[in-house]
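# Structure assessment
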Amino acid sequence: GAVVSQHPSRVICKSGTSVKIECRSLDFQATTMFWYRQFPKQSLMLMATSNEGSKATYEQGVEKDKFLINHASLTLSTLTVTSAHPEDSSFYICSAPSSPGQGYSNQPQHFGDGTRLSIL
Amino acid sequence: QQQVKQSPQSLIVQKGGISIINCAYENTAFDYFPWYQQFPGKGPALLIAIRPDVSEKKEGRFTISFNKSAKQFSLHIMDSQPGDSATYFCAARGGSTLGRLYFGRGTQLTVWP
């Protein structure tokens, strides 16, 4: 079964709305989580690295005030798209690496099922 | 700069044929090389992965060949099936157990029945 749960799977909202996406590690603790953005027929683009108990690290060109990341616990990271506009419409995916000894040596990184964000 | 280069961008194979996707990398610190399969509207799912101390790994119809000296690795899908039609991404992990993955651009595989 899934070890990383991402919610919601789909969001449709009006321009100017802020949207929160949750990423949960279900049966392991994740001190680090990654947030990706994927445009149609393109690869995953890393937006930021979420660190439990400290500030997120953003990739070059990603607006940290636009994409707020909070990693408040060892099992939950959230991405908030603030004042979303149509150009923010995309597929957002989170992933969480598991540490050695957590029982996932064959699959050290786990992906959520993604969130399809559509801004009208 | 693309850390992991993947080719081809698209691939059409007849049912029962062999699908081959190639990737190359430069950073010798990469320590883990997974392949992901992604269907439309879904997150990537791990297909098979290899570490640099192994030259080949086979799981069912899927095989990774790894050439450390050439810094290349490839995915072979034997007896390709229509259900294999998806986008495939190679990736490389940045030298740490909690390190980020660097993805290739993806290959759109279509298997004709």
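Residues numbered from 1 in each chain as written. Chains lettered and ligands numbered in written order. Predicted model: local features only at pLDDT ≥ 70, side-chain atom pairs only at ≥ 80, totals over all residues. Heavy atoms only, no water.

## Brief notes about the overall build of chain A
Where we set the bar: We count a stretch as a helix when DSSP gives it H or I for four or more residues in a row; a strand needs E for two or more, and each element gets its number in order from the N terminus. C-alpha atoms define the radius of gyration, and 2.2 Å times the number of residues to the power 0.38 defines the globule rule. It only takes one pair of heavy atoms within 4.5 Å for two residues to be counted as in contact. Positive charge is attributed to Lys and Arg, negative charge to Asp and Glu, and no charge count is given to His or to the chain ends. We put the charge of a Lys on NZ, of an Arg on CZ, of an Asp on CG and of a Glu on CD.
The secondary structure content of chain A amounts to 0 helices and 11 strands. Secondary structure elements in chain A, listed N-terminal to C-terminal, are β-β-β-β-β-β-β-β-β-β-β. The C-alpha radius of gyration of chain A comes to 14 Å, within 12% of the 14 Å expected for a compact globule of 120 residues. Summarising its shape, the C-alpha atoms of chain A cover approximately 45 × 30 × 20 Å along the three principal directions. Expressed as a percentage of contacts within chain A between residues at least 6 apart in sequence, the contacts between residues at least 24 apart total 55%. The positive charge centre, built from 10 side chains, and the negative charge centre, built from 9, are 6 Å apart in chain A.

## Quick look at the environment of Cys90(B)
Residues and elements named next belong to chain B. Examined against the element boundaries, Cys 90 turns out to sit in strand E9 (residues 86-93). As a C-alpha pair, Cys 90 and Arg 51 span 39 residues in sequence and 13 Å in three-dimensional space. Sequence-distant contacts of Cys 90, that is, excluding residues within four places in its chain, are made with Val 4, Gln 6, Cys 23, Pro 34, Trp 35, Phe 73, Tyr 102, Phe 103 and Gly 104.

## Let's talk about a nonpolar patch on the surface
Residues and elements named next belong to chain B. The test is simple: Patches draw on residues past 30% relative accessible area with no salt bridge. Two like charges within 9 Å are joined, as are two nonpolar side chains (Val, Leu, Ile, Met, Phe, Trp, Tyr) within 5 Å. Shrake-Rupley sampling with a 1.4 Å probe provides the accessible areas, and residues are treated as covered by the protein chains on show and by no other component. For salt bridges, the criterion is a side-chain nitrogen of Lys or Arg within 4 Å of an Asp or Glu carboxyl oxygen. Throughout, exposure labels follow a simple rule: accessible area from a 1.4 Å probe, protein chains only, divided by the maximum for the residue type, with under 20% read as buried, over 50% as exposed, and the rest as partly exposed.
Taken together, Ile 18, Ile 20 and Met 78 make up a surface patch of nonpolar side chains, about 240 Å² in accessible area. Among the structural elements, Met 78 can be located in the loop between strand E8 (72-77) and E9. Looking at Met 78, the relative accessible area reads 34%, which means it is partly exposed.

## Brief notes about the state of the cysteines
Using the following cut-off: Any two cysteine sulfur atoms within 2.5 Å of one another count as a disulfide.
Applying the stated criterion across every chain, the model contains 2 disulfides over all chains. The disulfide partner of Cys23(A) is Cys94(A), and the S-S distance across this bridge is 2.0 Å. Across the S-S bond linking Cys23(A) and Cys94(A), the dihedral sits near 80°, which makes this disulfide right-handed. Here Cys94(A) lies in strand E9 (residues 90-97) and Cys23(A) lies in strand E3 (residues 19-25), a separation of 71 residues in the sequence. In this structure, Cys23(A) and Cys94(A) share a single accessibility class: buried. Across a sulfur-sulfur distance of 1.9 Å, Cys23(B) and Cys90(B) are joined as a disulfide pair. Handedness of the Cys23(B)-Cys90(B) disulfide follows from its S-S torsion of about -95°: it is left-handed. Of this pair, Cys23(B) sits in strand E3 (residues 19-25) while Cys90(B) sits in strand E9, and the two are 67 residues apart along the sequence. The same class applies to Cys23(B) as to Cys90(B), namely buried. Cysteine Cys13(A) is unpaired, with the sulfur of Cys94(A) as its nearest cysteine sulfur at 18 Å. Taking relative accessible area as the criterion, Cys13(A) reaches 12% and is therefore assigned buried.

## Quick word on the pattern of salt bridges
All chains considered together, the criterion is met by 7 salt bridges over all chains. Linking Arg100(B) and Glu59(A) is a salt bridge whose minimum nitrogen-to-oxygen distance equals 3.3 Å. Here Glu59(A) lies in the loop between strand E6 (57-58) and strand E7 (67-73) and Arg100(B) lies in the loop between E9 and strand E10 (101-103), a pairing that spans two chains. Since its relative accessible area comes to 22%, Arg100(B) is described here as partly exposed.

## Considerations on the sheet that holds strand E8 (residues 76-81) of chain A
Residue and element names in this part refer to chain A. The cut-off we apply is this: One requirement defines pairing of two strands: DSSP has to find at least two bridges between them. Only the contacting stretch of a helix is used when fitting its axis, a line to C-alpha atoms as for every element, and angles between N-to-C directions run 0 to 180 degrees.
Spatially, the 4 strands line up as an open sheet ordered E1-E3-E8-E7, and their pairing is antiparallel. The sheet is open, and its two borders are formed by strand E1 (4-7) and E7, each paired with just one other strand. Taken pair by pair, the neighbouring strands of this sheet meet at an average axis angle of 15°, ignoring direction. For E7 and E8, the ladder comprises 5 bridges, and the chain directions are antiparallel. Across the sheet, residue Ser 73 finds its bridge partner in E8, namely Leu 76.

## Let's talk about the environment of Thr75(A)
Residues and elements named next belong to chain A. Topologically, Thr 75 is positioned in the loop between E7 and E8. Put simply, Thr 75 and Leu 26 are 49 residues apart on the chain and 7.0 Å apart in space, counted from C-alpha to C-alpha. If near-sequence neighbours (up to four positions away) are discounted, Thr 75 is found in contact with Cys 23, Arg 24, Ser 25, Phe 28 and Met 33.

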